[in-house]
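Geometric and topological summary
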Amino acid sequence: FVYNFIKFVEWPNEKSVSQDKPIVIGVVGSQDFIKAFEPAKHKKIKNRAITIKYFTGFEAPPQSSDANDQYWQQRTAALKACDLLLFCECHDGRIDLASEIIRALRDAPVLTIGETAHFLESGGMINFLMKGKKVGFEINNDAAKQAKLQIRSQLLRLAKRVISEKVASRSINDAN
């Protein structure tokens, strides 16, 4: 899914760098998700290689906000360097700071993908859904536009739900 999402998203010019720079996929939360990218590591998307980076230290809130302000700024700057950021809470990878991370990335051209209830409402852009044994997804197109990302209509049509200011939000029931 993630590999194909990249094909249907356009990043702004400042993020669309030369072909020799890889597409950086960041992962926050459970490391189990990284294994799923092994087959894609040697592929190219849009003629660019793929790099996977795992980020730790976002699983729990900091003890003191004053002491960690500079640390937080540095950590979120590293996340902003990604093209895509996955929030993986599968198994034991709970991320208590997901909303804060999304707020810090709000205007950065980083595609945010999650797998939890209310991920879109907190500003995430694509959220995975499980319905029986089928995987689907929903999109917050307004959040993507705020980050200057353009999600192609082909991908929007496949979503179970789309949050968009211009088009009435389509629910899962409407899509089936």
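Placed above this text is the structure.
Read on for an overview of the structure. Keep in mind that what you see is a predicted model, and the values were worked out from it rather than measured.

**Some details on the overall build of the protein**
What the protein contains, in helices and strands, is six helices and 10 strands. For the protein, buried positions account for 43% of its 176 residues. Nonlocal contacts in the protein, meaning residues at least 24 apart in sequence, comprise 60% of its contacts between residues at least 6 apart. A total of about 10000 Å² of accessible surface is found on the protein, and carbon and sulfur atoms cover 50% of it.

**Thoughts on the sheet that holds strand 7 (residues 126–131)**
Pairing is mixed across the open sheet formed by eight strands, whose spatial order is 3-4-2-5-6-7-8-10. Each edge of the open sheet is held by one strand with a lone partner, namely strand 3 (44–45) and strand 10 (161–163). Bridge count between strand 2 (residues 23–29) and strand 5 (residues 84–88): five bridges; the pairing is parallel. Within the sheet, the bridge partner assigned to glycine 26 lies in strand 5 and is leucine 85.

**Observations regarding the pairing of strand 4 (residues 48–55)**
Judged from the six bridges that link them, strand 2 and strand 4 form a sheet pairing that is parallel. Across the sheet, valine 27 pairs through a bridge with tyrosine 54, a residue of strand 4. Taken together, the two bridges between strand 3 and strand 4 define a ladder with antiparallel strand orientation. If you follow lysine 44 over to strand 4, its bridge partner there is alanine 49. Here strand 3 hands over to strand 4 after two residues, with lysine 46 in that stretch at a positive phi of 55 degrees.

**What to know about the pairing of strand 6 (residues 111–114)**
Alternating residues of strand 6 divide into Leu111 and Ile113 and Thr112 and Gly114, and every residue in both groups is buried. Both strand 5 and strand 6 contribute to a ladder of three bridges, which runs parallel. Each residue of the ladder has a partner; that of leucine 86, found in strand 6, is isoleucine 113. Looking at chain direction, strand 6 and strand 7 are connected through two bridges and run parallel. Bridge pairing in strand 7 places glycine 114 opposite asparagine 127.

Conventions used here
- Residues numbered from 1 in each chain as written.
- Predicted model: local features only at pLDDT ≥ 70, side-chain atom pairs only at ≥ 80, totals over all residues.
- Heavy atoms only, no water.
- Helix = DSSP H or I, 4+ residues; strand = E, 2+ residues; numbered from the N terminus.
- Buried < 20%, exposed > 50% of the residue type's maximum accessible area, 1.4 Å probe, protein only.
- Contact = heavy atoms within 4.5 Å.
- Areas by Shrake-Rupley, 256 points an atom, 1.4 Å probe, with all protein chains shown as cover.
- Pairing = 2+ DSSP bridges.

Purely geometric stuff here, so don't read any function into it on its own.
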